[in-house]
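# Coordinates in review
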Amino acid sequence: MERVTKKHHKEAGGHEGPAKVPGLRPERRKQAFSVLGGAVERAGDAESAAALAELLTPDPGLARALTHGFHSYAGRMHPFTARTAIARFSQLGQEVLDPFCGSGTVLVEAMAAGRKAVGSDASPLAVIIAQVRSTTLGPEGRARLVEGARQIAEQAAERARKRQRPEIPQWAAREKDRFFPHVALELYGLRALIGETKEDDVGRALRACLSSILVKFMRGSEEAQARRIGRGVPSHFFAGRAEELARGLEALERRTPAGTPRPQIRVADARDLGIAPADRFDLILSSPPYAGTYDYAEHHDVRFLWLGLPRANLDRVQVGARDEGLGSAAQRWLHDRRRWLSEMARVARRGAAVILQVGDGVVAGAPEDAAQTVEDEAQRLGLTPVARVSQARPPHDYRLRQIFEGRPRREHIVLLRKEH
Ligand SMILES: C[S@@+](CC[C@H](N)C(=O)[O-])C[C@H]1O[C@@H](n2cnc3c(N)ncnc32)[C@H](O)[C@@H]1O
């Protein structure tokens, strides 16, 4: 997982749209996921470690399969990792939980494999993206999505070309710092038309399509730097994104075994899963935030604003957020981790696997061995460490290089088992 800067356009989240749109350069391939690759260190039970090692040799073809390419998201799990872990560590019809579901990679793969998927995230934006990526809509809903987006795009582009100014509310007026004025106006026109649609599953998908294109058109993005963004281009791009989503949803529908329920996804704090019953889930598969690597509220600030989502709660409860310096404050990080691990220990059924993708972060200005510290804490909470695999992720940031000097910085997949 790459460190993220406040420049949203550099987010490690895959490319921002279909390749051929008039007025835009063909997409340059961006770093999509945790950079998988390199030597794999194994520890613990040999057979389990061999199974985990398979999760780190991804099939690049899967990166944009199903709905995985629809919306960029910082720190996504590679779909291959999710697919292989689900196939190896759970059975058809079983329940799979991801309490840090982010954009829903685990949930989409669990559904496609005929598992009952349950997910939550403290970010309402993450929940919307995950819901949109896993609600297949049926042929009629998908047709409504594509046609609705096409009509909205036509209208917004037409208004933009005629230089008709929509009425701009106070919050959007400030957005001229983030977007060139004509781009902000066109995006605002799109937003206003989307706001007139019903707030059902299709309406939510339209809102997510807007969210998915915002970063591409910000000042400082590759496109904005490369050439002036023509009037009508954001609208065209928006319609293309809806088509891409519809295709992914159709593929997901075809792949999902009949009778599989759609994933249950809600906003929840992983440190307190509340009503989730004890001893329930057959597999927990998750990638919690790495210490001091991202700030998920700040990172998605533009999307929270444009979608009218509240971010204060995420600011308050998110774990591991990067602070002013580099890294997370130690006491809170450790306390939070104990809380979310103990919730996982509570809701996993006896004998279930808990698989966590974790990365070495920075705690109180010092490097942390994420696998070792997670395993030590898990053991105390009744989750027995079985095996782990690790791969080096050399830091690109010079300050991180200084902090990690002489020590490897690694990403790990840790397998724990709830004791019987
Ligand atoms: C590494 S990302 C997960 C990415 C996800 N696996 C995917 O493929 O998109 C970590 C997620 O943890 C969420 N998060 C941070 N603090 C949380 C908390 N206290 N409770 C629940 N989710 C939290 C963030 O909003 C973020 O979406």
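Up top you'll find the structure we're talking about.
The structure contained in this document is the topic of the report that follows. (Residues numbered from 1 in each chain as written. Predicted model: local features only at pLDDT ≥ 70, side-chain atom pairs only at ≥ 80, totals over all residues. Heavy atoms only, no water.)

Contact geometry of helix H2 (residues 79-89) with helix H3 (residues 105-112) gives a least axis separation of 9 Å together with a crossing angle of 45 degrees. It follows from the interaxial angle that H2 and H3 lie oblique. The hand of the H2/H3 crossing is right-handed. Residues Pro79, Ala82, Arg83 and Ile86 of H2 lie in contact with H3, whose contacting residues are Thr105, Val106, Glu109 and Ala110. For the contact of H2 with H3, the per-class residue count stands at 5 nonpolar, 1 polar and 2 charged. (Axes fitted to C-alpha atoms, helices over the stretch in contact; angles between N-to-C directions. Helix = DSSP H or I, 4+ residues; strand = E, 2+ residues; numbered from the N terminus. Parallel < 35°, antiparallel > 145°, perpendicular 65-115°, else oblique. Left-handed = near helix turned anticlockwise from the far one by under 90°. Contact = heavy atoms within 4.5 Å. Nonpolar A, V, L, I, M, F, W, Y, C, P; charged D, E, K, R; others polar.)

Scanning all chains against the criterion turns up 30 salt bridges. Across the pair glutamate 343 and arginine 346 runs a salt bridge whose closest N-O atoms are separated by 2.8 Å. Remark: arginine 346 and glutamate 343 occur in helix H14 (residues 330-347); sequence separation between them is 3 residues, near one turn of the helix. Measuring nitrogen to oxygen at the nearest pair gives 2.8 Å for the salt bridge that ties arginine 388 to glutamate 375. Of the two residues, arginine 388 is situated in strand E9 (residues 383-392) and glutamate 375 in helix H15 (residues 370-380); the sequence distance between them amounts to 13 residues. Here arginine 388 falls in the buried class, since its relative accessible area comes to 12%. On the basis of relative accessibility, which here comes to 10%, the residue glutamate 375 falls in the buried class. What emerges from the salt-bridge pattern is a single network uniting Glu175, Arg178, Glu298, Asp301, Arg311 and Asp315. (Salt bridge = Lys/Arg side-chain N within 4 Å of Asp/Glu carboxyl O. Buried < 20%, exposed > 50% of the residue type's maximum accessible area, 1.4 Å probe, protein only.)

This brings us to empty space enclosed by the protein. One pass over the full model with this rule turns up 5 cavities of 30 Å³ or more. Here the largest cavity defines a volume of roughly 330 Å³. What lines the largest cavity is a set of 30 residues, among which Phe100, Gly102, Asp121, Ser287 and Pro289 lie closest to the centre. Contributions of two or more residues to the lining of the largest cavity are made by H3 and helix H13 (312-317). (1 Å grid on protein atoms, 1.4 Å probe; cavity = no way out; pocket = protein on both sides within 12 Å on 5 of 7 lines; lining within 4 Å. Points joined across faces, edges and corners; volume = space filled by probe spheres on them.)

How two aromatic rings sit relative to each other is set out by the distance from centre to centre and by the angle between their planes. Summed over all chains, the structure comprises 7 aromatic pairs. Relative to tyrosine 296, the ring of tyrosine 73 lies with its centre 6.0 Å away and its plane at 20 degrees, an arrangement referred to as stacked. Highlighted residues: tyrosine 73 in the loop between helix H1 (46-54) and H2 and tyrosine 296 in helix H11 (residues 296-299), separated in sequence by 223 residues. An identical accessibility class is assigned to tyrosine 73 and tyrosine 296; each is buried. Centroid distance phenylalanine 179 to tryptophan 306: 5.5 Å. Interplanar angle 70 degrees. Geometry classified as edge-to-face. (Phe/Tyr/Trp six-rings, centres within 6.5 Å; stacked < 30°, edge-to-face > 60°.)

The immediate surroundings of the ligand are formed by 23 residues, with Tyr73, Ser103, Thr105, Asp121 and Ser287 found nearest. The separation between an oxygen atom of the ligand and a polar side-chain atom of aspartate 121 is 2.7 Å. Note that a nitrogen atom of the ligand is positioned 3.1 Å from one of the backbone N or O atoms of alanine 122. Burial of the ligand by the protein amounts to 100% of the accessible area it has alone, namely 610 Å². (Near = heavy atom within 4 Å. Polar contact = N/O pair within 3.5 Å; in protein donor to acceptor, adjacent residues only side chain to side chain. Areas by Shrake-Rupley, 256 points an atom, 1.4 Å probe, with all protein chains shown as cover.)

Turning our eyes to something else, we now look at the pairing of strand E6 (residues 348-359). Most of E6 sits inside the fold, with 10 of its 12 residues counted as buried. In this structure, strand E5 (residues 281-286) lies alongside E6, joined through 5 bridges in parallel fashion. Pairing of leucine 283 across the sheet is with alanine 353, part of E6. As judged from the 7 bridges shared by E6 and strand E10 (residues 410-418), these two strands associate in the antiparallel manner. Paired with valine 354 across the two strands is leucine 416, which belongs to E10. (Pairing = 2+ DSSP bridges.)

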